[in-house]
Amino acid sequence: MHLESVSKIYKKKESEVIALHTTTLDIPRGDFVAIIGPSGSGKTTLLSMLGAMSAPSKGKIWLDGESIYDLPIEQRAQLRQEKIGFVFQTFNLIPYLTAIENVQIPLALAKASVERQKQCAEELLDKVGLSDRMNHKPDELSVGQQQRVALARMLANDPAIILADEPTGNLDPDTKDQVMSYLEEFNQEGRTIIMVTHDLSAAKCAKRILKLSEGGVCPDESNHILKTA
């Protein structure tokens, strides 16, 4: 993934708010990047643009040779569904569905057969240690188990890129370590991971850290691939 002179500006009445200053950034396949910084520094804005959900004001974002925001909306949605997986702090599980039914949702949207949906969902829940909780609804699961269901659902379409927004924000220390262990495992499988976090201990699990402040990138010797203008 490559950001080419990307910036994001929000217009508020007659004023403008710079959410992200002009930034050029390379994220090689298989990288694990942690984005840290205070609230309002531009972390979520950057993640939304990388996830094909919010177009930059200027510049281009490239994925596998395609300029994401030059694609028609339908193709952009298809790219997002096929190549990008999302992990959120709030899990976003459907409360009246069981764990296995929640994991089946992306597969159903991709029009996989019912048999394939069930087989894949079972394998993914087993992968995150929930083979004995497949038929439990979210309110019957601990917070950590809910996050693991969300991780399994995220993997359903076998995404090459994982975007994680505060994935350990609601978790106790032991469960946080477990979730980070899974993210490291997914990265070792060859997936690219881009994670927004306030947790420095979680950030240290990444291969490199980007520090954002007031829409800009703070100088950091570990960020040799990133440059701002």
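In case you missed it, the structure is sitting above this.
Residues numbered from 1 in each chain as written. Predicted model: local features only at pLDDT ≥ 70, side-chain atom pairs only at ≥ 80, totals over all residues. Heavy atoms only, no water.

Caption draft 1: Just the side chain of Q117, in detail. Residue placement: Q117 occurs in helix 4 (residues 114–127). On the basis of relative accessible area, Q117 is assigned to the buried category, the value being 10%. Only 2.9 Å separates the side chain of Q117 from the backbone oxygen of A112, close enough to count as a polar contact. (Helix = DSSP H or I, 4+ residues; strand = E, 2+ residues; numbered from the N terminus. Buried < 20%, exposed > 50% of the residue type's maximum accessible area, 1.4 Å probe, protein only. Polar contact = N/O pair within 3.5 Å; in protein donor to acceptor, adjacent residues only side chain to side chain.)

Caption draft 2: Representation of the nonpolar core in the model. Judged by nonpolar contacts, the single largest core of 39 residues is most densely connected at L125, V149, L151, L183, F186 and M195. Elements that contribute at least two residues to this core include exactly strand 3 (32–36), helix 3 (99–109), helix 4, helix 5 (143–155), strand 7 (161–165), helix 6 (173–188), strand 8 (192–196) and helix 7 (200–203). Those residues in contact with M195 that lie beyond four places of it in its chain are F32, V33, A34, I35, A164, P167, M180, L183, A202 and A203. Counting 27 residues, the second-largest nonpolar core is a separate cluster that includes M1, L3, L46 and L212. (Core = buried A, V, L, I, M, F, W, Y, C linked by side-chain atoms within 4.5 Å. Contact = heavy atoms within 4.5 Å.)

Caption draft 3: Expanded view of the pairing of strand 7. The buried fraction of strand 7 is high, at five of five residues. Taking every second residue as pointing to the same face, both faces of strand 7 are buried, with I161, L163 and D165 on one and I162 and A164 on the other. Pairing analysis gives five bridges linking strand 6 (residues 84–88) to strand 7, with the strands arranged parallel. Among the inter-strand pairings, F88 is bridged to a residue of strand 7, identified as D165. Pairing of strand 7 with strand 8, which is carried by five bridges, proceeds in the parallel orientation. When the sheet's bridge partners are listed, A164 is paired in strand 8 with M195. Of the crossover connections in this fold, the one passing from strand 7 over helix 6 to the parallel strand 8 is right-handed. (Pairing = 2+ DSSP bridges. Right-handed = clockwise from strand over helix to strand, strands pointing away.)

In short, geometric facts, not functional conclusions.
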